[in-house]
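Take a look at the letters that make up each chain.
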Amino acid sequence: MCVVAGRAARVTKWPEKTLFNAPFPAPASLSSFSLHSLQESGDQSEEEPREPSQAGGMGTLWSQESTPEERPPVEGSRPWAVARRVLTAIQVLGLLLCFSVLLFYIFQNCGPRPCETSVCLDLRDHYLASGNTSVAPCTDFFGFACGRVKGTYNSFQELATKNKNRLRRILEARNSWYSGSGEEKAFQFYNSCMDTRAIEAAGTGPLRQVIEELGGWRISGNWTSLNFNRTLRLLMSQYGHFPFFRAYLGPHPASPHTPVIQPTRPRWMKCVEKTGTFFEPTLAALFVREAFDPSTRSAAMELFTAIRDALITRLRKLPWMNEETQNMAQDKVAQLQVEMGASEWALKPELARQEYRDIQLGPNFLQSVLSCVRSLQARIVQSFLQPCPQHRWKVSPWEVNAYYSISDHVVVFPAGLLQPPFFHPGYPRAVNFGAAGSIMAHELLHIFYQLLLPGGCPACDTHALQEALLCLKRHYAAFPLPSGTSFNDSLTFLENAADVGGLAIALQAYSKRLLWHHGETVLPRLDLSPQQIFFRSYAQVMCREPSPQESYDTHSPPHLRVHGPLSSTPAFARYFRCARGTLLSPSSRCQLW
């Protein structure tokens, strides 16, 4: 069979052809006829038959007297139909083989790969050090993720300490600053705070002078005033201090059985805090420049956008919201402002130069402190006397507390929170969505706290809402707690609802990201899938040593903050293959958000 351009060649007479000026011999039969020869004659297949030429005694390829068996099959004949079916089957099998190879290549190259960068390896080590893989994740995921946490460990406090250490390195670095600049004054203040020799050498003289200004002290021999209100006014207006304080007794470092008054933090930490209080704009710019560069901020904003979009999608499907309430809720999320990293005001160096003009450092550290206190007090008063067109941050950029401002309708995520081990642009997406993403979603749900309060949503399906709220309360009440811990469900309820909803929203956003973006990575040696890493990262944020619950604490104990949301998420039981009826795979679940 010969096929040219998808159809049989119709040739009755074949003219003599030459290849490189050599005559083509006539084949004995069609089977010995080369495809190359037929391709050469393809341009004549539609022409009228021509008389064969005779040259050098060579005969024609075939003549008009050829027998039917020697003639090529014509379209519609049985041999041609069989051959066509065979050729089609070969083509289909070839396409299937190529498609299978392509799929294999895609899955081989797009599957989760281990992240071997230094930030990923550090995070892996952190997870291995805090977790206890001998604990069954379906019955105690808090122990699985945080089982080796000891002492007073708290994941948020640990991150806050790391941020202060970073500020310490910044303040102790050798740099050259312009004379009189905010940077120079901040560095000088910190160094004078750390210079304990100079402070001791000054003796009690600077302090006695302040005591005399405040009315004296009977022990010092000059007690000239008994007017406590005057003393209180001077302390709080001129010195920015409240007169009452607490002291802590602890063992002496050299003689453990001798109790002595203990300071509340190491010297360097106290000096970092004081410098941050008096020179916040300067330290904010330095901290953000080092710890929250534009690429990190861009990645954090991308994460927030994915979380916000997932929340908007989820609001459309809540059974206890009618259409009017859903539209109102979506508009509220769309109009929300987000501030990330540091306030715009804090990153303007020209403002810092103006604000620090009245600060005079020296001649001793106490006088430097008092000069900074007066300057700060004046700035605070001035800020309240002037209209403020933008939101005033309640936290410093290096702090770890995100919050939602009801009055300004703005959500704030300081740069200090979006740091390892909660967030890093180089982390697997599962880590960022599970840790920082769930925190972002939690804060966004604060927008709708009012709806969950009695009478807060008159247009909602009150019966469905109350059923969901009651279900969530019963769900948390059923969990066992470690001995010595307790919680007040009336205080923690709103935070519990935000924990459950925040995890669900973050998981929805992460699942959508996996659907549209390939190239996910995992942490090596953990033997966890991306989805399992997502849940592990969520629990890692809550790691801290269980302790008696404060009466005013609005958050549940860490065990509940892990087990409550995870047991309310069906995907957790699916990805960890939890048997039905285990602690974190209950037979029924609540759906509030």
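About the criteria used
- Residues numbered from 1 in each chain as written.
- Predicted model: local features only at pLDDT ≥ 70, side-chain atom pairs only at ≥ 80, totals over all residues.
- Heavy atoms only, no water.
- Disulfide = S-S within 2.5 Å.
- Buried < 20%, exposed > 50% of the residue type's maximum accessible area, 1.4 Å probe, protein only.
- Helix = DSSP H or I, 4+ residues; strand = E, 2+ residues; numbered from the N terminus.
- Expected span 1.5 Å × (residues − 1).
- Polar contact = N/O pair within 3.5 Å; in protein donor to acceptor, adjacent residues only side chain to side chain.
- Axes fitted to C-alpha atoms, helices over the stretch in contact; angles between N-to-C directions.
- Parallel < 35°, antiparallel > 145°, perpendicular 65-115°, else oblique.
- Left-handed = near helix turned anticlockwise from the far one by under 90°.
- Contact = heavy atoms within 4.5 Å.
- Nonpolar A, V, L, I, M, F, W, Y, C, P; charged D, E, K, R; others polar.
- Core = buried A, V, L, I, M, F, W, Y, C linked by side-chain atoms within 4.5 Å.
- Phe/Tyr/Trp six-rings, centres within 6.5 Å; stacked < 30°, edge-to-face > 60°.
- Patch = residues over 30% accessible without salt bridge, like charges linked within 9 Å, V, L, I, M, F, W, Y side chains within 5 Å.
- Areas by Shrake-Rupley, 256 points an atom, 1.4 Å probe, with all protein chains shown as cover.
- Salt bridge = Lys/Arg side-chain N within 4 Å of Asp/Glu carboxyl O.
- pLDDT = per-residue confidence, 0-100.
- Pairing = 2+ DSSP bridges.

The next subject is the state of the cysteines. Throughout the structure, instances matching the rule amount to six disulfides. Paired by a disulfide, Cys-457 and Cys-460 hold their sulfur atoms 1.6 Å apart. A torsion of 55° about the S-S bond marks the disulfide between Cys-457 and Cys-460 as right-handed. A residue is classified by how much of its surface remains accessible, and Cys-457, at 9% relative accessible area, is buried. Cys-460 gets classed as buried once you look at its relative accessible area, which sits at 8%. Across the protein chain, the way the bonded cysteines pair up, counted in sequence order, is 1-2, 3-11, 4-10, 5-6, 7-8, 9-12.

What follows is about helix α15 (residues 365-385). Helical geometry: 3.6 residues make up each α-helical turn, so side chains three or four residues apart lie on a common side. Its 21 residues place the ends of α15 31 Å apart at the C-alpha level, agreeing with the 30 Å of an ideal helix rising 1.5 Å per residue. Looking only at α15, the buried set comprises Phe-365, Gln-367, Ser-368, Val-369, Leu-370, Ser-371, Cys-372, Val-373, Ser-375, Leu-376 and Arg-379. Put simply, Asn-364 is the residue that caps the front of α15, since its side-chain oxygen is 3.2 Å from the backbone nitrogen of Leu-366.

Quick look at the packing of helix α19 (residues 489-516) against helix α20 (residues 530-541) now. A packed helix pair is summarised by two numbers, namely the angle formed by the two axes and the spacing between the axes. Interaxial distance between α19 and α20 falls to 11 Å at its minimum, and their mutual angle equals 150°. Considering their axes alone, α19 and α20 lie roughly antiparallel with respect to each other. In this structure, α19 meets α20 at a crossing whose hand is right-handed. Of the residues in α20, those touching α19 at Asp-499, Leu-503, Ala-506, Leu-507, Tyr-510 and Leu-514 are Pro-530, Gln-531, Phe-534, Phe-535 and Tyr-538. Looking at the contact of α19 with α20 residue by residue, the class counts come to nine nonpolar, one polar and one charged.

In this structure, Phe-141, Ile-307, Phe-535, Leu-592 and Trp-593 are the most contacted members of the largest nonpolar core, which totals 127 residues. With sequence-adjacent residues up to four places away left out, Phe-141 is seen in contact with Ala-136, Phe-535, Arg-536, Ala-539, Val-562, His-563, Leu-566, Phe-572, Phe-576 and Leu-584.

What follows is about the packing of helix α12 (residues 294-315) against helix α13 (residues 323-334). At their nearest, the axes of α12 and α13 sit 9 Å apart, and the two run at 170° to each other. Taken together, α12 and α13 sit at an angle that is classed as roughly antiparallel. On α13, the residues touching Arg-308, Leu-311, Ile-312 and Leu-315 of α12 are Gln-326, Ala-329, Gln-330 and Val-333. By residue class, the composition of the contact of α12 with α13 is five nonpolar, two polar and one charged.

Below, the discussion takes up the packing of aromatic side chains. Counted by the stated rule, this structure contains 18 aromatic pairs. Centre to centre, the rings of Tyr-510 and Phe-534 are 5.7 Å apart; their planes meet at 10°, and the pair counts as stacked. With Tyr-510 in helix α19 and Phe-534 in helix α20, the pair connects residues that are 24 residues apart, well separated along the chain. For Tyr-510, a relative accessible area of 1% puts it in the buried group. Exposure remark for Phe-534: the relative accessible area of 0% places this residue in the buried category.

Another point: a nonpolar patch on the surface. Residues Val-82, Val-86 and Ile-90 make up a contiguous nonpolar surface patch of roughly 250 Å² in combined accessible area. What makes Ile-90 exposed here is its relative accessible area of 53%.

Here we take up the confidence of the model for the protein chain. A residue-level look at the protein chain finds 77% of positions with pLDDT of 70 or above and a mean pLDDT of 82. Counting contacts from residues 1-71, a segment whose pLDDT is below 50, to residues more than four positions away or on other chains yields 78 contacts.

This paragraph deals with the environment of Ser-438. Mapping Ser-438 onto the fold places it in helix α16 (residues 429-445). Overall, the relative accessible area of 6% leaves Ser-438 in the buried class. Ser-438 sits 69 residues away from Leu-507 along the chain, and the two C-alpha atoms are 8.2 Å apart. What Ser-438 contacts, discounting residues up to four positions off in sequence, is Phe-433, Gly-502, Ala-506 and Tyr-538. Here Ala-435 takes part through its backbone oxygen, which lies 2.9 Å from a polar atom of the side chain of Ser-438.

What follows deals with the sheet that holds strand β10 (residues 337-341). An order of β10-β12-β11 is seen for the three strands of this open sheet, with the pairing classed as mixed. One side of each edge strand has no neighbouring strand; the edge strands of this open sheet are β10 and β11 (403-405). Neighbour-to-neighbour, the strand axes of the sheet open up by a mean angle of 20°, direction not taken into account. When β10 meets strand β12 (residues 410-414), the two strands line up parallel, connected through five bridges. Looking across to β12, one finds that Glu-339 is bridged to Val-412.

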